[in-house]
Amino acid sequence: MANRMWGGRFGGGPGAIMEEINASIDFDKALWRQDIAGSKAHAAMLEKQGIITAKDAKAIAQGLDKVAGEIEAGSFKFSRALEDIHMNVESRLAELIGPAAGRLHTARSRNDQVALDMKLWVRDTIDTLDEALCDLQRALAEKALDEAATVMPGFTHLQSAQPVTFGHHLLAYAEMLGRDRGRFADARKRLNESPLGAAALAGTSFPIDREMTAKALGFDRPTANSLDSVADRDFILETLAAAAICAVHLSRFAEEIVIWTSAQFGFVRLSDAFSTGSSIMPQKRNPDAAELVRGKAGRIIGALTGTLVMLKALPMAYGKDMQEDKESTFDALWNLSLCITAMAGMVRDMRPDPARMKHAAGAGHATATDLADWLVRYLGLPFREAHRVTGRIVSLAERKGVSLEALPLTKMQSVEKRITADVFSVLSVERSVQSRKSLGGTAPSEVRKQARRWLKRLGASRASP
């Protein structure tokens, strides 16, 4: 049997393998809401322009509503023989309203139709992701406010560097996610032009009103070039790029949760809600939720890479290769949404061990920089000289197996005789973090200020703990 869409040109139907490779309905049925919304806007415009009758337009709109109801209810029968969501909807519409359904495709093509559907879907998904990211930021800011004074080690090279607070550490991720939201917002702003009316590639001879359909669908304006309208997938690339960067941020945080929950660190504990056990080792508590967030970053990054490679050699305008943008985009953005939600749950669930964190914060002579700063501030040493003196004092402490705070004053004075007992006022981890009051620093007062700033921006507020 000839295919209904292009049966006038072809006498026979596609071979089995052609049907298998060509069909996209198994995944592009996810676009049904967007496809029906675009068709309703298109039909309304065709009526206004006198291209179809009011009677046909009304029948099309009512028929599309019925199709939407069937899909929503799960009673709609999707057919692989009809290839994609567009023809599945149109075929069912014809069954419901008869020949009037054939007028719906006037002045459009599947090329501008699929570009429209994908833009609408990506735009809707960006809005959903933004809400989820906002919730994760809120969870981080709330936890940061609670833990503004909880001292923990700050690391560089995964080696103890300087004491920070747990709240300060969490707010670093709130900042990262803020940039992620900005990237998604930028992508959304650029994609918000309607390709509907570009038709196959050259526009149409019908007197359509593209401004009307753009406005009806919430776009800022129609696209300006019909070739670009159907060939463009930048909006997918930009969104996947933002998703990949966001996934990397989530993966970095997940890695820290994996480290922090290990027996060797023991900084935080996750409840059973976000942990699993072992089939053979009864003592195990595995942070599988965090590990899966870390693992899923790979498939999200892969979606971006795959789409870039798919597009890199395509000439204008549309090629069937572009069908390959959908599965990876759907998968990547769905998994990103899952990761964001899981991470928000873990942040609210995690319980820090302040004593363990504080003990670790003093390891590795982490207040050495505070000693060097004291030498500059009170003895007037150039910082490079203070750095050298501090290094020698750290060596003494290492040989004695004690912290800087526990090193006798006489030992310090053997390196620099002008050091006084006042130096001990800066050598505890609590004093160290309290002194870091510069903008964006780790001082508890600054952390509380930044956490409240975030909560205000995110539409939430809490009193001081």
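Please read all numbers here as calculations on a predicted model, not as lab measurements.

Chemist: I tried to follow the environment of L311 on my own but got confused; where do I start?
Modeler: Within the secondary structure, L311 sits in helix α11 (residues 288–311). C-alpha of L311 to C-alpha of K40: the two residues are 271 residues apart in sequence and 30 Å apart in space. Contacts of L311, omitting those with residues within four sequence positions, involve R233, L237 and M322.

Chemist: Before we go on, may I ask you to explain the pattern of salt bridges in this structure?
Modeler: Pairing between side chains of opposite charge can happen when their charged atoms approach one another. If you walk through the whole model with that rule in mind, you get 28 salt bridges. Notably, a salt bridge pairs R221 with E193, separated by 3.2 Å at the nearest N-O pair. On the criterion of sequence distance, the pair formed by R221 in strand β4 (residues 221–222) and E193 in strand β3 (residues 193–194) is long-range, its members being 28 residues apart. Taking relative accessible area as the criterion, R221 reaches 39% and is therefore assigned partly exposed. Shared partners join several salt bridges into a network, and the residues in it are E83, D84, R110 and K320.

Chemist: What is the right way to look at the packing of aromatic side chains in this model?
Modeler: Each aromatic ring pair is described using two quantities: the centre-to-centre distance and the angle formed by the ring planes. Going through the model one piece at a time under the given rule, you end up with eight aromatic pairs. Relative to F78, the ring of F76 lies with its centre 4.7 Å away and its plane at 55 degrees, an arrangement referred to as tilted. Given a relative accessible area of 8%, F76 falls into the buried group. Judged by its relative accessible area of 32%, F78 falls in the partly exposed class. Between F265 and F267, the aromatic rings sit 5.2 Å apart at their centres with planes inclined by 75 degrees, giving edge-to-face as the arrangement. Under the relative-accessibility criterion, F265 is labelled partly exposed at 23%. Counting every residue linked through ring pairs, the aromatic cluster contains F166, Y173, F253 and W260.

Chemist: Would you explain the packing of helix α6 (residues 110–146) against helix α18 (residues 444–457) in this entry?
Modeler: Axis angle and axis distance: for two packed helices, these are the angle between their axes and the distance between the axes, and together they describe the pair. Packing of α6 against α18 brings their axes to within 9 Å, and their N-to-C directions diverge by 150 degrees. When the axis of α6 is compared with that of α18, the two are roughly antiparallel. Between α6 and α18 the crossing geometry is left-handed. On α18, the residues touching Q137, R138, A141, E142, A144 and L145 of α6 are V447, R448, A451, R452, W454 and L455. Of the residues in the contact of α6 with α18, the class split is seven nonpolar, one polar and four charged.

Chemist: Got a minute to help me understand unusual backbone geometry in this structure?
Modeler: Most peptide bonds adopt trans geometry, and most residues besides glycine take a negative phi value. Geometrically, the link from M316 to A317 is a cis peptide bond, its omega value of 5 degrees lying close to zero. Turning to its location among the elements, A317 is positioned in the loop between α11 and α12 (325–349). Residues other than glycine seldom take positive phi values, yet H157 does so here, at roughly 60 degrees. By relative accessible area, which is 76% here, H157 ends up exposed.

Chemist: What is the right way to read a nonpolar patch on the surface from this model?
Modeler: Taken together, the side chains of I17, M18 and I21 make up a nonpolar region of the molecular surface, amounting to roughly 360 Å² of accessible area. Residue position: M18 is located in helix α1 (residues 16–22). Since its relative accessible area comes to 41%, M18 is described here as partly exposed.

Chemist: Is there a simple way to explain helix α5 (residues 85–97) in this structure?
Modeler: Counting along an α-helix, one turn takes 3.6 residues, and residues three or four places apart therefore face a common direction. With 13 residues, α5 extends 18 Å between its outermost C-alpha atoms, agreeing within 8% with the 18 Å of an ideal straight helix rising 1.5 Å per residue. Those residues of α5 lying buried are I85, H86, M87, N88, V89, E90, S91 and L93. Buried positions along α5 lie against α2 (25–28), α3 (32–48), α4 (54–73) and α6. For α5, the N-terminal cap is D84; the gap from its side-chain oxygen to the backbone nitrogen of H86 is 3.1 Å. Two residues or fewer past α5, G98 is found with a positive phi of approximately 80 degrees.

Chemist: Could you clarify how one ought to interpret the side chain of Q137 in this entry?
Modeler: Locating Q137 in the fold gives a position in helix α6. Taking relative accessible area as the criterion, Q137 reaches 0% and is therefore assigned buried. Side-chain polar atoms of Q137 contact the backbone oxygen of A174, separated by 3.0 Å. Setting aside its immediate chain neighbours within four residues, Q137 contacts A174, L177, G178, R181, W454 and L458.

Chemist: What is the right way to look at the nonpolar core in this model?
Modeler: One broad trend across soluble globular proteins is that nonpolar side chains are buried collectively. Residues L250, F253 and L336 are the most contacted members of the largest nonpolar core, which totals 97 residues. Examining the composition of this core, we find that 16 residues originate from one element, helix α10 (residues 234–260), more than from any other. The residues touching F253, leaving out its near neighbours within four places in the chain, are L140, L170, Y173, W260, M343, V347 and M350.

Calculation notes
- Residue numbers restart at each chain and count upward from 1, following the sequence in its written direction.
- Local features are withheld for residues below a pLDDT of 70 in this predicted model, meaning they are given only at 70 or higher, and side-chain atom pairs are given and counted only at 80 or more; totals for whole chains, interfaces and linings count all residues.
- Calculated side-chain values reflect all of the structure's heavy atoms, with hydrogen atoms and water omitted.
- In this text, helices come from DSSP runs of H or I with a minimum length of four residues, and strands from runs of E with a minimum of two, each type numbered from the N-terminal end.
- Only heavy atoms enter the contact rule, under which two residues are in contact if any of them lie within 4.5 Å.
- By definition here, a salt bridge exists when the distance from a side-chain nitrogen of Lys or Arg to a carboxyl oxygen of Asp or Glu is within 4 Å.
- Here the term buried applies to any residue with accessible area under 20% of the maximum for its type, exposed to any over 50%, and partly exposed to those in between, with areas from a 1.4 Å probe on protein chains only.
- Any two of the Phe, Tyr and Trp rings considered here, Trp counted by its six-membered ring, make a pair once their centres fall within 6.5 Å; the pair's planes then place it as stacked at under 30 degrees, edge-to-face at over 60, or tilted in between.
- In this description, a line fitted to the C-alpha atoms serves as the axis of each element, helices being fitted only across the stretch in contact, and the angle between N-to-C directions of two axes falls anywhere from 0 to 180 degrees.
- Oblique is the label for any angle not covered by the other classes, which are roughly parallel (under 35 degrees), roughly antiparallel (over 145) and roughly perpendicular (65 to 115).
- The hand of a helix crossing depends on one turn: near helix anticlockwise from the far one by less than a right angle means left-handed, and clockwise means right-handed.
- Classification convention: Asp, Glu, Lys, Arg as charged; Ala, Val, Leu, Ile, Met, Phe, Trp, Tyr, Cys, Pro as nonpolar; all other residues, Gly among them, as polar.
- For patches, a residue must show more than 30% relative accessible area and have no salt bridge; joins then use 9 Å for like charges and 5 Å for nonpolar side chains, namely Val, Leu, Ile, Met, Phe, Trp and Tyr.
- All accessible-area figures derive from a Shrake-Rupley calculation using a 1.4 Å probe, and residue coverage is judged against the displayed protein chains alone.
- What a helix is expected to span follows from its residue count: subtract one and scale by 1.5 Å.
- In protein, a polar contact requires one atom able to donate a hydrogen and another able to accept it; more generally it is a pair of N or O atoms within 3.5 Å, and residues adjacent in sequence count only if both atoms are side-chain atoms.
- Here the nonpolar core consists of buried residues drawn from Ala, Val, Leu, Ile, Met, Phe, Trp, Tyr and Cys, with membership extended through side-chain atoms lying within 4.5 Å.

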